[in-house]
Structure formats: structure tokens, C-alpha cells
Amino acid sequence: MSHDGVGSRAVLRSAAFLTAGALAVSLLAGCGSDEETSRPLAGQDIDLVARDKVAEGGTLKWAVDAVPETLNTFQADADAGTTRVAQAVLPSMFRLDAAGRPVANPAYLESAKVIETEPRQVVLYKLNQQAVWSDGREIGAADFVAQWRALSGRDSAYWTARNAGYDRIEKIERGANDLQVRVTFSRPYADWKSLFSPLYPKDVMGTPDAFNDGARRKLNVTAGPFKVEKVDTATKDVVLTRNPRWWGKPAKLNEIVLHAVDRDKRAAALADGTVDLADIDPAEAERINLASRQGGTGTPLQGAGKTSAKKLRSWALAHGFEADEVKVGKKKLRRAITRYLEQQEKLHAFDVRKSLEPAYTQLALNGAAGPLTDERVRRAVARAIDRAELAKLVLTPLGLPAVPVGSHLALSGQADYADNSGALGAPDTKEAAALLADAGWVLGGPVKEQKKAEKAAGAESAKKKEEESDGGDDGQYIVGEDDKGRDDKGKHHESAEEKGEKGDEGGKHLSRDGKQYSGGQGGAPGAYAPKGTAAPAGAVTGPLAKDGKALALRFVLPSGPGSETLNSVAERISAMLEKVGIRTTITKVSDESYFKDHVAAGDYDLALYSWPSSAFPATDARPIYAKPVPAADGSVNVEQNFTRVGTDQVDQLFDQAASTLDEDEARDLIRKADSRIWAAAGSLPLYQRPQLVGARNNLVNAGAFGFQTPVYEDMGFLKKGAKVSPSPSAG
């Protein structure tokens with residue numbers, strides 16, 4: 001699980017609620033089923049064309065973060081690469097459409113529906129009569145039975161990551177013929193469409209040994225348009241080739257090669273031909289856009305080496321070089337710039353395809369220790385934050401709709417989506433101040449000298465974590481300390497708010513993922529506050545205090561490549577909190593320890609990370625928002641509720657939503673649960689994550705997919721002479 005996102009359904013979700021008895025019932029009622037259906041904020045961008053415009057053959061080289069540790073999506077170490085392989089080579093009874101809603105997959109299903117509700121729910125699957133495994137055997141009830149038994153949770157010898165839904169199945173049997181599968185549930189299950197997607201052959205699911213080890217680096221039997229040819233850890237490749245037994249529309253590509261490329265090396269990999277398709281960060285997207293503009297990037301390498309080192313450094317910083325990359329000799333810098341310009345020439349052959357990911361970034365508030373155990377303080381933090389401003393900060397420079405996310409449990413376009421943020425209230429610094437005052441935090445109260453380890457939740461290990469951080473002392477600084485508003489050389493640093501008032505400059509530089517380069521100083525308007533940044537104008541001028549302790553929160557962030565956007569958001573949040581007297585100590589830690597040692601361990605007050613949206617929130621979101629439960633050994637089982645804020649009421653709403661077969665009722669229950677999660681202020685959805693993809697110009701039916709499950713057999717390269725139409729006919 002990365003700090004910036006959590007994998008698909010192979011990795012589960014979680015969240016929380018607050019006791020807010022004073023809230024009006026109307027705020028918590030959720031939205032009725034007669035509400036107008038929402039639409040996705042951004043459509044997919046894949047250069048969609050009809051199949052007859054796609055050339056036959058070719059190899060698509062597609063970047064992934066790493067070679068998957070397992071090809072079994074139901075194991076704990078499955079990742080996005082695992083999911084990508086499964087989508088291309090295995091059956092799925094249902095897949096997601098462009099609005100993130102499950103639809104039957106006709107390649108495998110003729111139909112699937114609930115045929116009985118009393119005395120038990122029964123679902124009848126009618127399989128496509130052509131559907132066969134790559135060994136020639138028909139897909140049938142035996143495969144469904146094996147997967148159910150493996151994932152039911154009844155046999156601990158199977159090392160499964162999850163069993164939600166499968167634990168509700170009572171029996172599976174053959175229907176009227178071999179093409180029918182009857183699934184009987186012991187209790188009603190609303191999210192039955194989430195099951196058997198993907199479906200593994202009985203060879204993988206039939207025994208614990210086969211499940212645990214048999215599908216980690218190979219899948220001998222598959223049933224998709226592609227099959228797994230090999231997994232090569234030496235070359236960092238997963239090679240998928242056409243499945244000769246595929247009965248559907250034949251794959252256009254001969255091969256898909258999933259190649260592991262570090263996130264900060266994607267632009268170079270595209271330029272040198274290592275990959276044709278790659279998820280990229282805003283900085284790399286800007287490089288590709290710059291390469292495609294008429295006139296290119298220009299060059300400082302003129303005059304037979306007469307350009308000064310100072311001008312070369314200035315040019316390099318302005319074009320995305322890191323500060324440490326330009327602290328080299330002139331000759332070495334010229335060579336680096338030459339390589340960059342050569343890459344820019346090759347990036348002419350690529351474009352940026354953009355949409356919004358089916359995932360959102362949230363601010364997590366740790367409710368287990370420190371000031372944030374008080375729901376009034378959590379609500380004050382939430383009311384002090386302008387989520388619309390944060391969405392604009394991230395999305396507007398990228399040309400994407402800057403709309404804050406209004407639900408923890410769905411995204412705009414999905415059936416369960418409704419903006420329930422009214423249960424918490426709009427941004428209001430006066431209300432935030434009143435909540436803090438009601439909680440006993442007052443301006444100018446006496447502050448006792450504190451030990452460093454007392455300043456934040458989980459801070460007993462703060463010193464140890466700081467030593468693990470890449471930056472040591474430089475990895476931590478306090479936003480808002482007026483007496484430290486100058487650096488070691490006596491230079492004054494503008495506050496994040498002061499910089500943010502410079503208007504369009506902030507947006508321009510954030511198009512490079514929050515990076516700005518001016519002189520040699522770095523830092524972006526409204527993005528970075530150097531150690532000891534002065535308090536923004538209009539902020540509370542003294543600390544709020546209670547019982548001799550100042551109100552200060554520890555904001556933990558990752559420090560690795562690609563974290564610039566999160567840093568920008570965190571700095572803007574810190575400036576907002578400073579206005580109501582809440583000070584933040586920002587601690588940057590290594591990517592490797594960020595989630596495991598801080599977020600999951602509860603060693604933070606504030607943190608930023610992302611959750612995927614799900615078409616099945618009653619199942620997938622429950623562990624994210626479940627009330628933590630004490631274990632027999634004295635520990636607390638938080639499942640995936642890393643904010644540690646939860647209530648019985650929210651749990652009950654999830655359980656009810658998962659157990660009703662009335663879709664309208666289930667939708668209303670999900671929306672009620674979301675309203676109560678908002679009221680708890682354990683987490684604040686901020687914005688839907690941008691999805692930026694670098695793609696070779698002639699690659700079609702691939703790119704920024706948005707919600708929709710990719711159609712692997714339609715991907716390929718555009719035929720010579722063919723053109724991409726904005727409204728292609730079906731092929």
C-alpha cells in the first residue's frame with residue numbers, strides 16, 4: 001500500500017464516526033433515491049476508436065510500479081500489477097462501466113440474477129457456453145465451489161487477505177445443466193455482484209498449497225484474451241501473450257509487457273522506448289506537454305559552451321531539475337541538460353491523457369490520542385479547512401474539474417454518491433474557534449515546558465522515526481513560529497498564505513506537481529514553508545493552550561519522489577489551521593516507513609493518504625470505518641480504520657446496507673452511514689486524485705481509464721491513415 005493510494009479490491013477500505021447527538025436528523029438522513037443521478041466529474045481519456053481502426057499485432061510495453069509478488073489477487077501482498085494481470089487473463093463475472101457501476105461481462109455470462117429471496121437468497125449464473133479455460137476445460141460450478149471454499153474463512157490453511165461475501169455463502173451447486181451455477185446464501189448479501197471477479201480455476205483454489213504458493217509467479221491455466229507467458233524478475237517484466245483458446249473478439253496486440261519502472265523515471269523510460277504507456281506525475285506530464293508545444297523547450301546550450309554556469313543552473317531549475325542535480329560542475333551540468341533535451345525530442349511522440357482516478361485523497365485525523373480524541377477539536381480542524389481551495393490547488397493547474405469530494409463511500413457518477421458534507425458543516429473559522437473554546441483551548445493560556453515526545457499522538461517513537469527519516473532535523477519544522485521566521489543566513493521566509501496571494505503563479509508552478517524553481521531556493525507559492533515559517537497575516541498571534549499544553553499537531557508526510565503534491569496540500573492546510581490557533585509540526589519520513597510505521601501504527605496526528613472508491617461500499621468500506629474492537633491480549637483491532645474513530649451506529653448501517661436486496665434502501669443506508677462519518681470528522685475527503693498517463697501518440701483504447709475496467713483485447717496501435725474520432729462507433 002503506498003502513501004498516495006491504496007490498491008483495488010485486493011486491498012480493503014476503512015473510516016469512522018462521532019457522537020453528534022445535537023445534529024439535526026435531516027442532516028443525517030442521507031439523500032433519497034429520487035435524487036438526480038450524479039455524473040463522473042471527468043470522462044475517460046483513452047483515444048477510443050473502433051476495433052477496425054486498430055492495427056493487428058505489436059507489443060504494448062506498460063509501466064508498473066513493481067513486478068507483482070503474487071498473481072493471486074486474494075493474497076495480502078497483491079498490488080495494482082496483480083490486478084492488471086488478472087483483468088487481462090482471468091474471468092470476471094462483472095466489470096465496471098464508465099460511471100463505476102458493475103455490469104455483467106458478456107464474455108463469461110449470459111445472465112446473473114437473484115431468482116429466490118425466501119427462505120434463502122439464491123443467485124443463478126448462466127455462463128457463456130463458449131467460455132473455457134486455456135487447458136480446454138469448461139468454466140463451471142467446480143471453479144465456483146473451489147473459490148468459495150478457499151475464501152470462506154472456514155479453513156485457516158488458506159492464507160487469504162479477505163473473505164467478505166464468500167463467508168455468507170451456504171452452498172454452491174450445478175444448475176439445470178453444466179452452464180448454470182446456483183449460489184445459495186446463508187443470509188442476504190447485497191453486494192453479490194462483487195463475487196467471482198476475478199474467478200480462478202479450481203487448480204489454483206482447490207488446495208491450500210495451490211492457493212498459497214501455486215499462483216505467485218505463474219498462472220498455468222487462464223481464461224482471458226491474454227495468458228501469462230512468463231514472469232521475469234531479472235528483466236522486471238511480466239509478459240502476457242494472446243490466448244489461442246480465447247473465444248471472444250481476438251486481442252489486437254500480440255503481447256502486453258508489464259515492465260517495472262520507478263515513478264520518478266517514467267519520462268525517461270517513455271523517451272528511450274522502454275515503455276509506451278505509463279502513469280506519470282504532474283511534473284512528468286508537464287515535460288511531455290512542453291515537448292509537444294511548438295518550438296519545444298529551447299536550449300541554453302549555445303555559443304560553444306559560453307553560457308555561464310549560473311544561467312545553466314537557472315535554466316535547469318526552471319525545467320524541473322532537482323536542486324541537488326544542479327549543484328555540480330559546469331561540464332557535468334551541460335551533459336545532464338543535453339540528455340534532457342534529447343529526451344524532450346523523443347517525447348514529441350507521446351501525449352498526456354488525463355482523467356480522475358477512482359480514488360480520493362483524504363486528511364486523516366488520529367482520534368486515538370492527543371487533542372484529536374476530542375470530537376470538538378476534530379470538528380474544529382475540519383471546519384477550519386477549505387476543501388474547495390485544496391481541490392483547486394491540485395486539480396486546476398492540470399485542467400481537471402476542481403470539485404471537492406462530498407462522500408467517503410462513493411465518487412461522483414457512482415450510484416451511492418451524494419454530497420453529505422453538510423453533516424459536518426461548511427468551512428467557517430469562527431465556528432472552528434468556538435468549537436476549540438468549548439473544548440477548553442483558549443488564547444494566551446499558560447504553557448508549560450514540554451518534552452518533545454509529548455507534542456503529538458504516538459510521539460513516544462517520534463525521535464526514533466525522525467532518525468529514520470531521510471532528512472534528520474531538516475525533516476521536521478513548525479509552521480507558525482514568528483521568532484524563527486529567518487533562516488540561518490538571516491533571510492526572511494514568506495508564509496504559505498503570503499505566497500498563495502500571488503495568484504496565478506501558484507497554479508503555474510503546481511502544474512509541475514507543486515514544484516517551483518526560482519534562483520536556487522525552491523519552494524512553491526502556497527506549497528512549502530521552510531523550517532520556522534512565519535505565521536500568516538491575520539492568524540491567531542498566540543498559541544491556544546489547555547492544562548498548560550499548547551495546541552499543536554504533528555503532521556506526518558512522506559518524503560520520497562512524487563510526494564510534492566501532498567507536501568503542497570499539507571502546507572496549505574497548515575496555514576488554514578494557523579488561522580484558528582492550531583499549530584502544526586510537519587515531520588517528513590521515508591516512503592518505506594510512512595504507512596507501516598506511522599499511519600497504520602497510529603504514530604501521527606494528521607496525515608494524507610488515499611483510498612480507492614468501490615462499487616460495493618457496504619462490503620469494501622466497512623473495515624475502513626469500523627469501530628475499533630479491543631482484543632483479548634489488550635491490543636485494539638482497528639482493521640483498516642487508521643483514524644481509530646468509529647461507532648456502533650455506523651457499523652450497523654453498513655451491516656444493514658450489506659443485508660438488504662432492495663437497491664434503493666441499500667443506497668439510502670450507505671448515504672446515512674456517510675453522513676455520520678462526516679459528522680465524526682475522523683477523516684476529510686479532499687479531492688479525487690488526478691490520473692495522468694503518458695501514452696505513445698498512436699496507441700489507442702488505452703490511457704486514463706477513469707472508473708472503467710480496461711478492455712484489453714481492444715488495445716493496440718492505430719492503423720496507418722486512420723484517425724481518432726471523438727465519437728467512434730462500436731467495433
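Residues numbered from 1 in each chain as written. Predicted model: local features only at pLDDT ≥ 70, side-chain atom pairs only at ≥ 80, totals over all residues. Heavy atoms only, no water.

Peer 1: Can you help me understand the sheet that holds strand E15 (residues 544–546) in this one?
Peer 2: Strands pair in a sheet through their backbones, by hydrogen bonds, and they do so in one of two ways: parallel or antiparallel. Across the sheet, three strands lie side by side as E13-E15-E16; this open sheet has antiparallel pairing. Of all strands in the sheet, those with a lone pairing partner are strand E13 (442–443) and strand E16 (549–550), marking the two edges. The pairing of E15 with E16 spans two bridges and is classified as antiparallel. Bridged to Ala-545 within E16 is Ala-550. (Pairing = 2+ DSSP bridges. Helix = DSSP H or I, 4+ residues; strand = E, 2+ residues; numbered from the N terminus.)

Peer 1: I'm lost on the packing of aromatic side chains in this one. Help?
Peer 2: A ring pair, where both rings are aromatic, is described by two values, the distance of the centres and the angle of the planes. Following the criterion strictly, the structure yields 20 aromatic pairs and no others. A centroid spacing of 5.3 Å and a plane angle of 85 degrees characterise the contact between Phe-595 and Phe-642, whose relative ring orientation is edge-to-face. A residue pair is termed long-range when its members are at least 10 positions apart, and Phe-595 in helix H17 (residues 591–599) and Phe-642 in the loop between strand E21 (636–637) and helix H20 (648–659) qualify at 47 residues. As far as burial versus exposure is concerned, Phe-595 and Phe-642 are alike and both buried. Through a chain of ring-to-ring contacts, the aromatic side chains of Phe-74, Phe-94, Tyr-125, Phe-144, Tyr-166, Trp-192, Phe-196 and Tyr-200 assemble into a single cluster. (Phe/Tyr/Trp six-rings, centres within 6.5 Å; stacked < 30°, edge-to-face > 60°. Buried < 20%, exposed > 50% of the residue type's maximum accessible area, 1.4 Å probe, protein only.)

Peer 1: Is there a simple way to think about the environment of Gly-58 in this case?
Peer 2: Looking at the element boundaries, Gly-58 is found in the loop between helix H1 (25–28) and strand E1 (59–64). With 198 residues separating them in the primary sequence, Gly-58 and Ile-256 have C-alpha atoms 8.7 Å apart. When near neighbours in sequence (up to four residues on either side) are disregarded, Gly-58 contacts Leu-253, Asn-254 and Glu-255. (Contact = heavy atoms within 4.5 Å.)

Peer 1: Is there a simple way to think about the packing of helix H8 (residues 309–318) against helix H9 (residues 330–346) in this case?
Peer 2: Describing two packed helices takes the angle between their axes plus the distance from one axis to the other. Here H8 crosses H9 at 35 degrees, and the two axes come no closer than 10 Å. As H8 packs across H9, the resulting crossing turns out to be left-handed. In this structure, H8 contributes Ala-309, Leu-312, Arg-313, Trp-315 and Ala-316 to the contact, and H9 contributes Lys-330, Leu-333, Arg-334, Ile-337, Tyr-340 and Leu-341. (Axes fitted to C-alpha atoms, helices over the stretch in contact; angles between N-to-C directions. Left-handed = near helix turned anticlockwise from the far one by under 90°.)

Peer 1: Even after reading the chapter, I still don't get the pairing of strand E5 (residues 122–127), so can you show me in this structure?
Peer 2: Along any regular strand, the residues point their side chains to alternate faces of the sheet. In terms of residue burial, E5 counts as a mostly covered element, since five of its six residues are buried. The pairing of strand E4 (residues 109–116) with E5 spans six bridges and is antiparallel. For Leu-109, the partnering residue across the bridge sits in E5 and is Leu-127.

Peer 1: Would you mind showing me how to read unusual backbone geometry here?
Peer 2: Leaving glycine aside, a negative phi is the common case for residues, and trans is the common case for peptide bonds. Cis geometry marks the peptide bond from Glu-118 to Pro-119; its omega dihedral reads -5 degrees. Looking at the element boundaries, Pro-119 is found in the loop between E4 and E5. Of the consecutive residues Ser-197 and Pro-198, the connecting peptide bond is found in the cis state with omega at 5 degrees. Locating Pro-198 in the fold gives a position in the loop between strand E7 (180–185) and helix H4 (202–205). The phi dihedral of Asp-47 falls on the positive side, at around 50 degrees, and the residue is not glycine. Positionally, Asp-47 belongs in the loop between H1 and E1. Looking at Asp-47, the relative accessible area reads 19%, which means it is buried. For Glu-639, which is not a glycine, the phi torsion comes out positive at approximately 50 degrees. Assignment of secondary structure puts Glu-639 in the loop between E21 and H20. Residue classification places Glu-639 among the partly exposed positions, given a relative accessible area of 43%.

Peer 1: What is the right way to read helix H12 (residues 429–438) from this model?
Peer 2: Since the α-helix packs 3.6 residues into each turn, any two residues three or four apart lie on the same face. Every buried residue belonging to H12 is among Ala-432, Leu-435 and Leu-436, and all of these are buried. All buried residues of H12 fall inside an arc of 100 degrees around its axis, so they share one side. Exposed side of H12, more than 90 degrees from the buried face: Lys-430 and Asp-438 are the residues found there. The secondary structure elements touched by the buried residues of H12 are helix H10 (375–384) and E15. (Arc of directions from axis to C-beta.)

Peer 1: Quick question: what am I supposed to make of the pattern of salt bridges here?
Peer 2: A side chain with one charge can pair with a side chain of the opposite charge if their charged atoms come near. Counted according to the given criterion, the structure contains 30 salt bridges. For the salt bridge of Lys-227 with Glu-229, the shortest nitrogen-to-oxygen distance reads 3.0 Å. Classification of Lys-227 as partly exposed rests on a relative accessible area of 24%. We classify Glu-229 as partly exposed; its relative accessible area is 45%. Among the salt bridges present, the one from Asp-351 reaches Arg-353, with a minimum N-O distance of 3.0 Å. On the basis of relative accessible area, Asp-351 is assigned to the partly exposed category, the value being 23%. By relative accessible area, which is 1% here, Arg-353 ends up buried. Look at the salt bridges and you will find they share partners, linking Glu-116, Lys-171, Glu-173 and Arg-182 into a network. (Salt bridge = Lys/Arg side-chain N within 4 Å of Asp/Glu carboxyl O.)

Peer 1: Explanation requested: the confidence of the model for the chain in the structure shown.
Peer 2: The predicted structure's coordinates, where accompanied by low pLDDT, should not be read in detail. Overall, the predicted model of the chain reaches an average pLDDT of 83, with 78% of residues at or above 70. Predicted confidence for residues 452–474 stays below pLDDT 50, and this span has 39 contacts to residues more than four positions away or in other chains. Counting interchain partners and residues more than four positions distant, the pLDDT-below-50 stretch residues 727–731 has seven contacts. (pLDDT = per-residue confidence, 0-100.)

Peer 1: Please clarify how a positive patch on the surface should be interpreted in this entry.
Peer 2: The grouping of Lys-331, Lys-332, Arg-335 and Arg-339 at the surface amounts to a positive patch. Position of Lys-331 relative to the elements: it lies in helix H9. Overall, Lys-331 belongs to the exposed group, its relative accessible area being 68%. (Patch = residues over 30% accessible without salt bridge, like charges linked within 9 Å, V, L, I, M, F, W, Y side chains within 5 Å. Areas by Shrake-Rupley, 256 points an atom, 1.4 Å probe, with all protein chains shown as cover. Lys, Arg positive; Asp, Glu negative; His and termini not counted. Charge placed at Lys NZ, Arg CZ, Asp CG, Glu CD.)

Peer 1: I'm lost on the sheet that holds E5 in this one. Help?
Peer 2: Taken together, four strands build an open sheet; the order of strands is E4-E5-E7-E6 and the sheet is antiparallel. One side of each edge strand has no neighbouring strand; the edge strands of this open sheet are E4 and strand E6 (169–174). Strand-to-strand twist in this sheet, taken as the mean axis angle between neighbours without regard to direction, amounts to 15 degrees. Against the sheet, helix H3 (residues 141–151) engages E5, E6 and E7, with an angle of about 160 degrees to E6.

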